[in-house]
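Report on the structure
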Amino acid sequence: MAIKVTQDPRTDIRERAYVPELLRGLAITAKHFFRNLWGTRDTNTSVVDRTGTSLMTTVAYPEEKPIYPEGYRGLHRLVPREDGKPRCVACYMCATICPAQCIYIEAGEYEETSAEGESRVIEKYPTQFVIDELRCIVCGLCVDACPKDAIRMDTYMHTPPEYTRQNFVYDIPKLLKGPAVSHPSDPWNKREGSEEPHHAHKEAHTRIGEGLVELKLPQHGNLGAGHGHGGHGKMTAGAQTGGHGQTVVTQQGPIQVTKFLK
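Note that the structure is a prediction, hence the values are computed from the model and not measured.

1. Some remarks on the overall build of the chain
The helix and strand inventory of the chain stands at eight helices and ten strands. Of all 262 residues assigned to the chain, the portion counted as buried reaches 24%. Partitioning the contacts of the chain with sequence separation of at least 6, the portion at a separation of at least 24 is 60%. Per element, the accessible surface of the chain, about 19,100 Å² overall, is 56% carbon and sulfur.

2. Comments concerning the confidence of the model for the chain
With 65% of its residues at a pLDDT of 70 or more, the chain shows a mean pLDDT of 74. Confidence over residues 203-213 falls short of pLDDT 50; this stretch has 21 contacts with residues more than four positions distant or in other chains. Per-residue pLDDT stays below 50 along residues 222-251; that stretch engages in 33 contacts with residues further than four places along the chain or on separate chains.

3. Thoughts on the side chain of serine 54
Within the element layout of this structure, serine 54 appears in the loop between helix H2 (19-38) and strand S1 (77-78). For serine 54, a relative accessible area of 7% gives the class buried. Once residues lying within four places of it in the same chain are set aside, the contact partners of serine 54 are Arg35, Asn36, Gly39, Thr40 and Arg41.

4. Quick word on the packing of aromatic side chains
Under the definition given, this model contains three aromatic pairs. Judged by centre distance (5.2 Å) and plane angle (75°), the rings of phenylalanine 33 and phenylalanine 34 are edge-to-face. A relative accessible area of 48% places phenylalanine 33 in the partly exposed class. Residue class for phenylalanine 34 comes out partly exposed when judged on its relative accessible area of 47%. Put simply, the rings of Tyr68, Tyr72 and Tyr156 touch in pairs and so form one group of aromatic residues. Between the NZ or CZ atom of lysine 174 and the centre of the ring of tyrosine 170, over which it lies, the distance is 4.0 Å.

5. So, the nonpolar core
Counting 22 residues, the largest nonpolar core has Ile103, Ile105, Phe129 and Ile131 as its most contacted members. Contributing elements (two or more residues each) for this core: helix H3 (93-97), strand S2 (103-109), strand S3 (124-132) and helix H6 (172-175).

6. A closer look at the pattern of salt bridges
Between side chains of opposite charge, pairing is possible as soon as their charged atoms come close. Tallied over the full model, the rule gives five salt bridges. Across the salt bridge formed by aspartate 154 and arginine 77, the nearest N and O atoms sit 2.8 Å from each other. Placement of the pair is aspartate 154 in the loop between strand S4 (151-152) and strand S5 (169-170) and arginine 77 in strand S1, with a sequence separation of 77 residues. Taking the relative accessible area as the measure of exposure, arginine 77 reaches 6% and is therefore buried.

7. Some remarks on the sheet that holds S2
The strands that make up a sheet pair up through hydrogen bonds in the backbone, lying either parallel or antiparallel. Taken in spatial order, the three strands of this open sheet run S2-S3-S5, and their pairing is antiparallel. Bordering the open sheet on either side are S2 and S5, each of which pairs with just one other strand.

8. Let's talk about the environment of valine 130
Tracing the backbone through its elements, the reader meets valine 130 in strand S3. On a C-alpha basis, the gap between valine 130 and isoleucine 103 in space is 5.7 Å, while along the polypeptide they are 27 residues apart. Contact partners of valine 130, with chain neighbours within four places excluded, come to Cys102, Ile103, Tyr104, Val169 and Tyr170.

9. What about the state of the cysteines?
Within this structure, the stated rule accounts for zero disulfides. The thiol sulfur of cysteine 136 is not disulfide-bonded, and the nearest other cysteine sulfur, from cysteine 102, lies at 4.7 Å.

10. A closer look at unusual backbone geometry
We note that alanine 90 has phi near 55°; this positive angle belongs to a residue other than glycine. Within the element layout of this structure, alanine 90 appears in the loop between S1 and H3. The phi dihedral of valine 138 falls on the positive side, at around 55°, and the residue is not glycine. Residue placement: valine 138 occurs in the loop between S3 and helix H5 (141-145). Using a relative accessible area of 40% as the deciding quantity, one classes valine 138 as partly exposed.

11. Here's the deal with the environment of arginine 81
Structurally, arginine 81 is set in the loop between S1 and H3. Residues arginine 81 and alanine 150, spaced 69 residues apart in sequence, show a C-alpha to C-alpha distance of 9.0 Å. Here aspartate 83 takes part through its side chain, which lies 2.8 Å from a polar atom of the side chain of arginine 81.

Basis of the calculations
Residues numbered from 1 in each chain as written. Predicted model: local features only at pLDDT ≥ 70, side-chain atom pairs only at ≥ 80, totals over all residues. Heavy atoms only, no water. Helix = DSSP H or I, 4+ residues; strand = E, 2+ residues; numbered from the N terminus. Buried < 20%, exposed > 50% of the residue type's maximum accessible area, 1.4 Å probe, protein only. Contact = heavy atoms within 4.5 Å. Areas by Shrake-Rupley, 256 points an atom, 1.4 Å probe, with all protein chains shown as cover. pLDDT = per-residue confidence, 0-100. Phe/Tyr/Trp six-rings, centres within 6.5 Å; stacked < 30°, edge-to-face > 60°. Lys NZ or Arg CZ within 6 Å of the ring centre and 35° of its normal. Core = buried A, V, L, I, M, F, W, Y, C linked by side-chain atoms within 4.5 Å. Salt bridge = Lys/Arg side-chain N within 4 Å of Asp/Glu carboxyl O. Pairing = 2+ DSSP bridges. Disulfide = S-S within 2.5 Å. Polar contact = N/O pair within 3.5 Å; in protein donor to acceptor, adjacent residues only side chain to side chain.

The structure is reproduced here in structure tokens:
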């Protein structure tokens, strides 16, 4: 039976004693307690889709592990080259952009007489690469800033528990893991030594546009005629005046346009 609440609680002795509401709250708590204790529990990783008599939505980790989305940022890892060395060239861009200042790098230089072809075309490499996982805010800016695809956050792993704070400071042996990655734009894939290549290199993220375009100047009336007769400059032999007053410069021929892929 529902209790009708009066306008002035001070006039109702039942509400002043709080006994009915106290017993009602204890009954609701006891009902949920015994229902979750003896009821069947659904272990579906999607909490909102769980069914069953038990209303518990806690994930019993590590026995139950949720399915992480594709964009989940896990622990950092240094991406290795095919020879096992890190792709990092110690440019300090990840350490500079890190808002938590949790990345520390010390750079070294390869010897000019190094036998590895990969090392001859790279100026620097990290002698120390340290990430303090306790200070990391998992923003992913270091991954976006790296120009060599040397650091990723695709391990799909939480930071494991440790007994000391020093164990949360990851160095190169703990970070360097995962499959090797190679790109066509890597210096060691372009040439064997450090000499300038004979061909014009095209980056993997660009392409040359199909067809050729002609360079057009902005429309300003009889601009071509004025420059041709006013003494400010002579019109070149290859210049032509269009029907709408636009001057088309074709002295050096059509030019190629590079389209950048997003």
